Structure formats: C-alpha cells, structure tokens
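# Breakdown of the fold
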Amino acid sequence: MLRQNASGNIQRLAQYSERQNAGFEITDSMKMGVSGQVQTFTRNQTATQNREIPLAAQAALHPKIRLASAIGKTGARTVLRNPYRSPLIPTTVQNLSVSPHSHEYYGQLTDIILDSFYPSTCSSCNVKMTGRVSTRSYVAKCPKCRKHVSRISHTPFAYLKLPLWTVGWVLDQSATKYPQVITGAEIKRCLNISEDAALRLKKRVQVFASQHKSAVESLFYSELKKRFHKSKDLLEPDKKDINKRVTTPVGNRPIPQSDSVVLFSAKERSNKGRKRFRHHGQTASIYLTDSLGGRQVGVMVQTTTWKGGPALYESIPNQQTKTILPIIQRQIPKNTPFFTDMGMDWLKPYNRNHRTVNHNLQSKRGTGKSRRRFQQNGIHTQAAEGRQGALKTAFRAYRYIKPEHSQLYLNEYSFFGALKYYGAERITSQNQSLLGQNQRPKTKQQGWGLSGMNFSTHNQY
Ligand SMILES: [Zn+2]
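Everything in this summary refers to the structure shown in the same document. Computed from a predicted model, the values in this text were never measured in an experiment.

About the criteria used
- Residues numbered from 1 in each chain as written.
- Predicted model: local features only at pLDDT ≥ 70, side-chain atom pairs only at ≥ 80, totals over all residues.
- Heavy atoms only, no water.
- Helix = DSSP H or I, 4+ residues; strand = E, 2+ residues; numbered from the N terminus.
- Buried < 20%, exposed > 50% of the residue type's maximum accessible area, 1.4 Å probe, protein only.
- Contact = heavy atoms within 4.5 Å.
- Axes fitted to C-alpha atoms, helices over the stretch in contact; angles between N-to-C directions.
- Left-handed = near helix turned anticlockwise from the far one by under 90°.
- Nonpolar A, V, L, I, M, F, W, Y, C, P; charged D, E, K, R; others polar.
- Core = buried A, V, L, I, M, F, W, Y, C linked by side-chain atoms within 4.5 Å.
- Donors = N, O, S within 2.8 Å, 3.2 Å for Na, K, Ca; no water.
- Tetrahedral: all angles 85-135°; square planar, octahedral: opposite > 155°, others 65-115°.
- Pairing = 2+ DSSP bridges.
- Phe/Tyr/Trp six-rings, centres within 6.5 Å; stacked < 30°, edge-to-face > 60°.
- Lys NZ or Arg CZ within 6 Å of the ring centre and 35° of its normal.
- Salt bridge = Lys/Arg side-chain N within 4 Å of Asp/Glu carboxyl O.
- Expected span 1.5 Å × (residues − 1).

### Description of the overall build of the protein
On a plain count of helices and strands, the protein comes out with 13 helices and 10 strands. In the protein, which comprises 461 residues, the proportion classed as buried is 48%. Long-range pairs, those at least 24 residues apart, make up 56% of the contacts in the protein with a sequence separation of at least 6.

Here it is as structure tokens:
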C-alpha cells in the first residue's frame, strides 16, 4: 500500500513539475536478493525499508555500510531508538508514523504545519475546520456544515505552483539545518525544480517566518519580563576592583545583551580605492563613497540575545539612537538588566540597569589594549558576539544579500532559532493570543508584501 502511495505522489509531482522527464517515474526500482527472497525498493522507500532489512542486505544497497557489516555481526538490524521528529510538529500532535524522506511524510507534515500555524475556522459555525477532502489536499471542510475553504489561500503558500508537500519539506529542512541555512540553489538541487520555483519557495519561507516575528518577539520580551520581575538593580561597575561583579543582585539569571556586526561590507576595492569620510566606524563600511552614489551595499545587524537563548536580528542602516532605540524598546522590557558595548551609552536614561563594556580599554602600563577589554566587572557581550559569529558563518552560504532584502533573511534565521528554543506550540499559541483566537497571521497586517519586499526605511539615511 505504501508503495502505491509513494508512486502516486511521484506521478503527481511529475504532473506538477514543468520539466517532466520519463526517468522520474518509477523506473528506478531496484531488485536485490536477500536470502533467496526478491525484494523491490523504489527510490523513496529505501529509508523506510532500511529499518527492517538485514545489515548484509543494506551493505549491498549502500557501499558505506559494508564497512560496518565487516566489524559488526552479520544479520544485525539497525534500529532508530528515537525516530526523527520535526521541530515543526507541536507537542500536542503525535509523531508521524511514516518515515521522513518520503513524499507521504512531507505531505502529512505540511498538513500539520498549515493546521497549527494557519488554522482555518468556519465563519458560520465558529469551529476549527478539521474535515479533509481526500482528492484535494488543500481544502478544509467544516465538520458541522460541511462548508469548504482553501487552507492555503491568504497564507504565504498560496499560488506556489508546486506540490504542497514541498512546503513541509522546505520548512523541515530549514529547521533541521539551523544554525546553517538552506539556499535557493540547494532547494533547486534537492527538489530538481527550476531556479525560479526554488527562489519562490525560499521567499515563501521568509514571509512565513516574518509573519511569526511578532510572536517570537513578544515571547522574548515576556520571558525577560518574567525573569527580572521585582529583581534588585545591578551594581555600578567598579574601576578599581575588577572582581566586583555587577550581576550579584540577579545571581546567575542570564542577562540579555546586544551587539552589532557588519555582514557584507563595501571594501575599499569596491569603492574604487576611495576612502570613506561620510560615515564613521562600522557604519562606514556598509556604504559606498558619495562619489559612487553613496548607497548602502553592506548589511549591519543588531543582535539581541542571552546565553543559550533565542536571538533577534535587526538589519540597521546606522547605529544612531533613533534607529536602535525603537528596536531595543520592542525587545527589552524597561529597566531590565542589559549589557552592550560602549556604542550604546545613550541608553542609560531609558534603562537604569543598562551596563556597558569598554572594548577599547587601554592597559595600565600605557601600551596597547587591556586584556580586560572583553569583560569588566562581569559585563560582557560574548553571547551576542557568539551568535553573530554563527550568523556570519551561515550567511556565507548566500554569498551576498541585498540590504533591502536583509531583514527577510534575518527574520528567517531568527525564526528557526526561536523554533528550536520555544517549540512550534508556543509560537503558534502566542500568535493566537496576539491576533485573537483562531485567526491566521496575515501578510498585509504586518507590512509584508509577497511581491514588493522593499524596505523604504533603508534608503532614508
Ligand atoms: Zn460550519
């Protein structure tokens, strides 16, 4: 039965895909002898079958397993003690019984994702539309009045022009690959679809993540509010006693930190050898010189996180107070203990528990920088810097992103990190409480257009 389903899916894919080739249908089934019996495997079945077939037979299937069979006993079975569970499946939902790496699995996963992230409710009966139509997977049916609605309209996955299971696949891949990212080129290779289709799918993931950004942010905010509720103020840093820790009143509760980093900078070479005068410090490196138009070409990111926590990334055009203050006010509750570097000294009047570390601290001997420049009195931004290191590594896979699209990429990265930390259930329920019960996150409401993903704010400065 399973085989029939799998091949049915393959045929369906072949119908959908524009480059339909004869080789993609079930011509690649393999025959192999296992102790006299003949077993047949189709391309998508091997993963399921691997669990049951003897190791010797697997060795024939896979050249690498031959090594293992030489060491281990012949006839031993490979058993997955903890079957793979996608991070996108809420804890309330049972794990899928089908193996990953099959269309059937990703079809069911898409179903679960649409159900939990974009629930559809009957407008007349006000109940969740749990009914399904077997021949049309994108339709939900009201269990009472049997009304039909589309489950993908008004979601980022409408008009995708790809089979629905690809949605589950791409979201699952993005979640499991974190802290690495999946690029458009990789989607193209893995699904064997056109570049346009792959980029379309990638953009939809970004819009999906952006629609859940406010839920992630409010979870972040409320967690901090709860953690430092009624906590005593941090001590002032002591220049004489380097061991006096400012964090003593809050104990070992992780303190949020913020730092900024430049992802893609305009090198002097791309400036045709000109030096920059208009902007200072880090900001200078993301702009071309005025004689070359002075437009922003690099991306600067403000990272807020705590040790072991989720991270929020904001693409910023400069490090001015008017740019960063609204971001910090959205992320950090008032007077919450907060560490940054000296660049954000201006925050003190808004937050009496804001402490800064001087990365430029000179040594007392008078030559060079002090080795205490990374932390003073227990104030440091190492968690934020660590996240930025991971971000830089991951974003190298993209090679370059335009500043106007940078926030979408950052939202995507932030979302999958938060998904790991909070789980699908908390993010969806937070969304429900922000939007109202059984409401879907909307694209228009939060200013995320599917087609025009432009950030006018970036060019203002
Ligand atoms: Zn109804």
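### Comments concerning the packing of helix α12 (residues 382-395) against helix α13 (residues 403-435)
Helix-helix packing is characterised by the crossing angle of the two axes and by the distance between the axes. Look at α12 against α13: their axes get within 12 Å of each other, and the N-to-C directions meet at 115°. In the packing of α12 onto α13, the handedness of the crossing is right-handed. In contact with Ala-390, Leu-391, Ala-394 and Phe-395 of α12, α13 contributes Tyr-409, Leu-410 and Tyr-413. When the residues that make up the contact of α12 with α13 are grouped by side-chain class, the tally is seven nonpolar, no polar and no charged.

### A few points about the nonpolar core
In globular proteins that are soluble, nonpolar side chains generally tend to be buried together. Core analysis: the biggest nonpolar cluster contains 86 residues, and Phe-117, Leu-171, Ile-187, Phe-395, Phe-415, Leu-419 and Ile-427 have the highest contact counts within it. Not counting the four nearest positions on each side in its chain, Phe-395 is found in contact with Val-181, Leu-263, Phe-264, Ile-401, Tyr-409, Leu-410 and Tyr-413.

### A closer look at the coordination of the zinc ion
Looking at the metal site, the zinc ion is ligated by Cys-122 (SG), Cys-125 (SG), Cys-142 (SG) and Cys-145 (SG), spaced 2.1 to 2.3 Å from it. Taken together, the four donor atoms coordinating the zinc ion span angles of 105 to 114° at the metal, a pattern that classifies the geometry as tetrahedral. As a motif over one chain, the donors of the zinc ion read C-x2-C-x16-C-x2-C. With Cys-122 in the loop between α5 (103-117) and β3 (131-133) and Cys-145 in the loop between β4 (136-141) and β5 (148-150), the pair connects residues that are 23 residues apart, well separated along the chain. According to the relative accessible area criterion, Cys-145 is partly exposed, its value standing at 39%.

### Concerning the sheet that holds β3
Here three strands make up an open sheet; going across it, the order is β3-β4-β5 and the pairing antiparallel. Pairing within the sheet leaves two strands with one partner each, and these edge strands are β3 and β5. Averaged over all pairs of adjacent strands, the angle between their axes in this sheet comes to 45°, without regard to strand direction. The sheet contact formed by β4 and β5 spans three bridges and is antiparallel. If you follow Val-139 over to β5, its bridge partner there is Ser-150.

### Things to note about the packing of aromatic side chains
Going through the model one piece at a time under the given rule, you end up with 16 aromatic pairs. Judged by centre distance (6.4 Å) and plane angle (65°), the rings of Phe-117 and Phe-415 are edge-to-face. Here the residue Phe-117 occupies a position in helix α5, and Phe-415 occupies one in helix α13, the gap between them amounting to 298 residues. Judged by its relative accessible area of 2%, Phe-117 falls in the buried class. Aromatic side chains Trp-306 and Tyr-421 sit 6.1 Å apart centroid to centroid with 80° between the ring planes, which places their arrangement in the edge-to-face category. In this pair, Trp-306 is assigned in the loop between β7 (299-305) and β8 (312-316) and Tyr-421 in helix α13, connecting sequence segments 115 residues apart. A relative accessible area of 2% means that Trp-306 is categorised as buried. The exposure class assigned to Tyr-421 is partly exposed, which follows from its relative accessible area of 33%. Against the face of Trp-306 rests Arg-227, its NZ or CZ located 4.3 Å from the ring centre.

### Focus: the pairing of β8
The buried fraction of β8 is high, at five of five residues. A two-sided burial pattern is seen for β8, the buried positions comprising Leu-312, Glu-314 and Ile-316 on one face and Tyr-313 and Ser-315 on the other. Pairing geometry for β7 and β8, over five bridges, is antiparallel. From the neighbouring strand, Val-301 faces β8, where its bridge partner is Ser-315.

### Re the pattern of salt bridges
Under the counting rule described, the total for this entry stands at 14 salt bridges. Ionic pairing is found between Lys-213 and Glu-314, a salt bridge with its closest N-O pair at 2.9 Å. Of this pair, Lys-213 sits in helix α9 (residues 213-227) while Glu-314 sits in strand β8, and the two are 101 residues apart along the sequence. Of the two residues, Lys-213 and Glu-314, both sit in the buried class. Here the residues in one salt-bridge network are Asp-111, Asp-115, Arg-132 and Arg-151, joined through shared partners.

### Concerning the environment of Gly-298
By the secondary structure assignment, Gly-298 is in the loop between α10 (281-284) and β7. Sequence separation between Gly-298 and Phe-264 is 34 residues; the distance between their C-alpha atoms is 4.5 Å. Excluding residues that lie within four positions of it along the chain, Gly-298 makes contacts with Phe-264, Ile-286 and Pro-403.

### Thoughts on the pairing of strand β9 (residues 338-341)
Both faces of β9 are covered, namely the face carrying Phe-338 and Thr-340 and the face carrying Phe-339 and Asp-341. Here β9 runs beside strand β10 (residues 354-357); their pairing, made up of four bridges, is parallel. Note that in β10 the partner of Phe-339 across the bridge is Arg-355.

### Quick word on α9
Its 15 residues give α9 an end-to-end C-alpha distance of 21 Å, which sits within 8% of 21 Å, the value for a rise of 1.5 Å per residue. What α9 keeps buried is the set Lys-213, Ala-215, Val-216, Glu-217, Ser-218, Leu-219, Phe-220, Glu-223, Leu-224 and Arg-227. On its buried face, α9 is in contact with α8 (195-211), β7, β8, α11 (321-331) and α13.

Taken by themselves, the reported measurements are silent on function.
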